[in-house]
Every structure is written in C-alpha cells, then in structure tokens.
Amino acid sequence: MLSYQHAYHAGNAADVHKHALLALALDYMARKPKPLTYFETHAGRALYNLSGAEARKTGEAAAGIARMEGWFAPDHPYARALSEARAQGGPDAYPGSPLVARAQLRGDDRIVLAERHPQEVAALRDALPVAEIHDADGPALALSLTPPDPRRGFLLVDPSYEVKTEWSAIPTLIAQVRRKWPVGVLMLWYPLLASGAHRELTGKLEAMGPEGTARSEVRFPPAREGHGMIGSGLWVANPPWGWDEAARALELRFALLRG
Ligand code: SAM
C-alpha cells in the first residue's frame, strides 16, 4: 500500500517551482485556438487545505508558498490558479497540479488523470468532476493512452519516488512515451536529495541527449532539520516558447532567497 500523501507537502518550495512553470507552459499552449490533452500520471487530490493538520505538521507550505507568493504578479498564470483554488476551497486552499492546469485550460480541452491512492482518487473526483479520472497505475496508463486525442498536449509525470525502482523506471517510461508521442510536451519532476539518490534518474535523462529538451533546477534550505530534499528539478521535452526564460527568472528568485 502506498503511504505517500501529498497533503503533507502541498505548497512546498518544490510545488512552487513545479506549479509555476506548469502554469506558464499551459497558459502559453492554450493561446493557440486548438484543443489539447492534459495528462497526468500521478495526480494527487488536486485541492489541499494548508490549515489542515498535515500541512501544519511539516511546515513545508509555510516555507514555500507562504513565503514565495509575492514573487508572482496577480496576472501570472500560477497566481490565477491560486485564486481559483481559494474561490473553490476557501482562503487556505492550495491547488495541486490538476487545478493549476485547469485554471489555464479551455472548455474543449481534455483532462486525463491517473491516481492510485483510493482516498486521493475520491477527493480528486470531488475537486475536478470534469476530468477523466482513472484509479490506475499512471505509467501504464500513459503507455496505453498515448498518443492521446487531441494529439496536441502535455504530460506531467510527478511521482513520489516512494518505490526505489522508480529512479530507473521513470526515465524508461519517458523514453517510451516520447517514441509514441513525439509531439507531446512532457514534463518530469524529480527531487534533489542530499543523499544524491536522484542522480540515477538525471544520469539516464542526460544519456537521452539534450535535443528538444530543457531543464530547470532550484535549491532551497531543507524545510526542517534532517529533511533530505534540498531542491527541485524539472526536465521537459518539447518545451513551449518562453519556458527557458521563465525558468531562469524563477531560478534567480530561488537563488536570491538562499543569499
Ligand atoms: N502531481 C501532484 C501535484 O503536483 O499536485 C502531486 C502528486 S504526488 C507527488 C504523487 C501522487 O502519486 C500521490 O498522490 C500518490 O498516491 C500517487 N501515486 C503513487 N504511485 C502511483 C502510480 N503508480 N500511479 C498513479 N498514482 C500514483
């Protein structure tokens, strides 16, 4: 049984990095008047409560979005997702990636989400009834449903890396999906760990070559003493126009925070 629950981590510094660049990418893609598919392999519950016991226990949102929200102007696509989530869930609500995506998408775009944890699936269905929600293994679903219809689209792969084999299985999945769906925009999130365990994954991504890809990594102080996550990484295939520039600007924000 999976034990990871994103409610303990929602709104942390890694979420700010991931969700801000996800929002910018989809905002740009949605400017073209052609429907698209938004697909996620590891969706979570989509709507989080930052005043809940889980968020208060870790203090990660306090060290993340609570400190960083001022980086984003009210017309930034991420700020739009934050205010839509609050309209839906109250002043302490925080949008997970499916709601960050929905805030950028149009009525004729398709949203396909996989989530494995039964409690999270139920909450996801409440938070985002318009989406196609699969209580299924996300990587297997990505392999069976890509290329999607509409073919123009975006895949977010955001595992919890709870299972050690994910470090090698996820790059293999990415390579397989890229072959099946060469025009898809694929975004993979990974943590930077003090232990260096993520290097198996980044090494495999590098071995695929840089062609048609982009990366962004930021570092931040551990949210609490002894916490192993010291940064956040994103790897993207077919990055939308403007992604690199937005990533560099956000990286600078994180660097200035560290002094
Ligand atoms: N993408 C979410 C966001 O940014 O708001 C957070 C996702 S969280 C890091 C990872 C999620 O993947 C958890 O909710 C976990 O239950 C789920 N999960 C773990 N293994 C899975 C699998 N094989 N297929 C689908 N979901 C899985």
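Provided above is the structure to which this section pertains.
Residues numbered from 1 in each chain as written. Predicted model: local features only at pLDDT ≥ 70, side-chain atom pairs only at ≥ 80, totals over all residues. Heavy atoms only, no water.

Draft legend 1. Highlighting the sheet that holds strand β8 (residues 213-219). One open sheet holds the 7 strands; their spatial order is β5-β4-β1-β6-β7-β9-β8, and the pairing between them is mixed. What marks the edges here is a single partner per strand, and that holds for β5 (132-135) and β8. Ignoring strand direction, the axes of neighbouring strands in this sheet form an average angle of 15°. Relative to strand β6 (residues 153-157), strand β1 (residues 37-40) runs parallel, the two sharing 4 bridges. Looking at β6, one finds that E40 is bridged to L156. (Pairing = 2+ DSSP bridges. Helix = DSSP H or I, 4+ residues; strand = E, 2+ residues; numbered from the N terminus. Axes fitted to C-alpha atoms, helices over the stretch in contact; angles between N-to-C directions.)

Draft legend 2. A look at the site of the ligand. Near the ligand lie 19 residues; those nearest to it are H19, S97, E115, D137 and D158. For the ligand, a nitrogen atom lies 2.9 Å from a polar atom in the backbone of H42. G138 places a polar main-chain atom, nitrogen or oxygen, 2.9 Å from a nitrogen atom of the ligand. Expressed as a share of its isolated accessible area of 610 Å², the protein-covered part of the ligand is 96%. Its residues placed into classes, the shell around the ligand shows 4 nonpolar, 9 polar and 6 charged. (Near = heavy atom within 4 Å. Polar contact = N/O pair within 3.5 Å; in protein donor to acceptor, adjacent residues only side chain to side chain. Areas by Shrake-Rupley, 256 points an atom, 1.4 Å probe, with all protein chains shown as cover. Nonpolar A, V, L, I, M, F, W, Y, C, P; charged D, E, K, R; others polar.)

Draft legend 3. Looking closely at the packing of helix α1 (residues 13-29) against helix α5 (residues 77-89). It is the contact of α1 with α5, at a shortest axis distance of 8 Å, that shows an interaxial angle of 105°. Viewed along their axes, α1 and α5 adopt a mutual orientation that is roughly perpendicular. Residues D15, V16, H19, A20, A23, L24 and D27 of α1 form the contact with α5, whose own contacting residues are P77, Y78 and R80. Of the residues that constitute the contact of α1 with α5, the class distribution is 6 nonpolar, 1 polar and 3 charged. (Parallel < 35°, antiparallel > 145°, perpendicular 65-115°, else oblique. Contact = heavy atoms within 4.5 Å.)

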